[in-house]
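Residue-level structural notes
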Amino acid sequence: MNDEATHRVERDGGVVTVTLDRPDALNAQTRASRAALLRDLRVLSSDDGVRCVVLTGAGRAFSAGQDLREPDALVDVDVMIRETYIPIIETLVDMPKPVVAAINGAAAGAGLSLALACDLRYMADGAVLMMAFSNIGLVPDCGGTWLLVRAVGHARAFELAASGRRVHAPEALSLGLVQRVLPGDELQAAAHATAVELAARPTQALGWTKRLLRAAEQSPLSDVMELEAQLQASAVKTHDHAEGVAAFLEKREPRFEGR
Ligand code: T3D
C-alpha cells in the first residue's frame, strides 16, 4: 500500500493500524510521506470492511510535524498545505468510522494536529504534546486552531499555542486533550483493544454520530436536530438497527455487521 515506506498499514480483522514510520526523523512529515498517507487513509475511509483505524508512530515519537530539514518545504507552502495537510486532516475527521490515536511519543506541530483529528487519544505516560508552531515563528495550521479550541477552549488553546511548551501526559489528561494515559509498553495493546471493541459496534451509526457531533460544534440546534432526524431515517433502515433490536428483545449480545 505504501511505496515510500514512510508508514505501515496492518490489518487485523476490521481494525487497521497505520504506523507513521520514519523513526529516525521522529516521524516528521514530508511531501512524499503525506501524499502516501493521504492515499492510504482515503482507501481505508471507503473500505466498508475497515471498521476502526488506529494511528500511531514507530520509535520514540508519534510525529514531530513538518520535517524542518526537508528541502524546499517552504516553497509554495500554502499550496502544499492545501494539497496534502488539509485533505489528511479532513479525511481523518470525516472518516465514517472511529479513529483512535495511540500517542506513543512526542506529537508536535502538524503531528499534534493529526492526533487531534482522531476521535479518541490514548497517550503513553512519557509522551508530550506540543503546539510547536510559535517556537519557529509560525501560526498553527493543519486544523490545529479549530481542533484545539474545541478541545480546550480559547484561553487554554491560546496559552498552549503562544508558549509552544511541552504538555506532559498528566496535564494532557486533565485538559481533556487525551482520554487515557498508559505506561508506554501498554499503550498499543490498550488502543488495539479499544479499536476491537469499537469495530464490533454498529459502524455506520458511529460514522453518522461523528458527523452529528462535528455539526453540533458549529451549527444551530435546529439545524443539528434536522440532521439528526435525516440520519436517523437512514439508521433505522440498517441491518445493525434490526440486529440491535432483535438482540435486545432476545436478551442476547448483538452481532453488528457495520451495515
Ligand atoms: O514549515 C512548513 O512547511 C509549514 C508547516 C508547518 C507544520 C508544522 O508541523 S510546523 C512544526 C514543526 N515541528 C516542530 O517545530 C517540532 C520540532 N521538534 C521538537 O520540538 C522536538 O524535537 C520534539 C518535541 C518533537 C522532540 O523532542 P526531543 O527532546 O525528544 O528530541 P530532540 O533532541 O529535540 O530531537 C531529536 C532529533 O530529531 C534532533 O536531531 P539531531 O540533533 O539528533 O540530529 C532534531 O533536530 C530532530 N527533529 C525533531 N523534530 C524535527 C526534527 N528534524 C526535522 N524536523 C522536525 N520537525
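Keep in mind that this is a model prediction, so the values were computed, not measured.

Reading guide: rules and limits
- Residues numbered from 1 in each chain as written.
- Predicted model: local features only at pLDDT ≥ 70, side-chain atom pairs only at ≥ 80, totals over all residues.
- Heavy atoms only, no water.
- Domains from an automatic or database assignment.
- Contact = heavy atoms within 4.5 Å.
- Buried area = accessible area lost by both parts, 1.4 Å probe.
- Core = buried A, V, L, I, M, F, W, Y, C linked by side-chain atoms within 4.5 Å.
- Buried < 20%, exposed > 50% of the residue type's maximum accessible area, 1.4 Å probe, protein only.
- Helix = DSSP H or I, 4+ residues; strand = E, 2+ residues; numbered from the N terminus.
- Pairing = 2+ DSSP bridges.
- Axes fitted to C-alpha atoms, helices over the stretch in contact; angles between N-to-C directions.
- Expected span 1.5 Å × (residues − 1).
- Arc of directions from axis to C-beta.
- Parallel < 35°, antiparallel > 145°, perpendicular 65-115°, else oblique.
- Nonpolar A, V, L, I, M, F, W, Y, C, P; charged D, E, K, R; others polar.
- Near = heavy atom within 4 Å.
- Polar contact = N/O pair within 3.5 Å; in protein donor to acceptor, adjacent residues only side chain to side chain.
- Areas by Shrake-Rupley, 256 points an atom, 1.4 Å probe, with all protein chains shown as cover.

Overview of the domain arrangement of the chain
What the domain assignment lists for the chain is domain 1 (7–199) and domain 2 (203–249). Each of domain 1 and domain 2 has a C-alpha centre, and these two points are 26 Å apart. Opposite the 16 residues of domain 1 that make contact, domain 2 presents seven residues. Where domain 1 abuts domain 2, roughly 880 Å² becomes buried across the two surfaces, and 48% of that area is made up of carbon and sulfur atoms. For domain 1, the biggest contributors to the area lost against domain 2 are Arg51, Trp146 and Arg150; these three give 42% of the whole.

Focus on the nonpolar core
If you look at the biggest cluster of nonpolar residues, it comprises 61 residues, and the most contacted ones within it are Ile103, Leu129 and Leu177. Looking at which element gives the most residues to this core, the answer is helix α2 (residues 77–94), with seven residues. Excluding its chain neighbours within four sequence positions, the residues that come into contact with Leu129 are Ile103, Ala107, Leu112, Met123, Arg165, Arg166, Val167, Ala172, Leu177 and Val178.

Focus on the sheet that holds strand β3 (residues 52–57)
Here we have six strands laid out as an open sheet, ordered β1-β2-β3-β5-β7-β10, and mixed in their pairing. Pairing within the sheet leaves two strands with one partner each, and these edge strands are β1 (7–12) and β10 (180–182). Along the sheet, successive strands turn relative to each other by an average axial angle of 20°, direction set aside. In the packing of helix α7 (residues 187–199) onto the sheet, contacts are made with β1, β2 (15–20), β3, β5 (99–103), β7 (120–124) and β10, and the angle to β7 comes to roughly 160°.

Section: helix α9 (residues 221–235)
The end-to-end C-alpha distance of α9, which contains 15 residues, comes to 20 Å, matching closely the 21 Å that a straight helix rising 1.5 Å per residue would cover. For α9, the complete set of buried residues consists of Val224, Leu227, Leu231 and Ala235. Along the axis of α9, the buried positions cluster into a sector of 85°, meaning they face one direction only. At its buried positions, α9 is contacted by α8 (203–216) and α10 (239–249).

Some remarks on the packing of α8 against α9
Their axes nearest at 10 Å, the elements α8 and α9 cross at an angle of 175°. Judged by the inter-axis angle, α8 sits roughly antiparallel to α9. In contact with Trp208, Arg211, Leu212, Ala215 and Ala216 of α8, α9 contributes Val224, Leu227, Glu228, Leu231, Ser234 and Ala235. When its residues are assigned to classes, the contact of α8 with α9 shows eight nonpolar, one polar and two charged.

Here's the deal with the site of the ligand
The environment of the ligand is made up of 23 residues, and the closest members are Arg60, Ala64, Gln66, Leu68 and Ala110. Between an oxygen atom of the ligand and a side-chain N or O atom of Arg60, the distance comes to 2.7 Å. Here an oxygen atom of the ligand and a side-chain polar atom of Arg166 are 3.2 Å apart. In isolation the ligand exposes 1000 Å². Once the protein is present, 71% of that is buried. Looking at the shell around the ligand, the elements that each hand over two or more residues are α2 and β6 (106–108). Considering only residue class, the shell around the ligand consists of 15 nonpolar, three polar and five charged.

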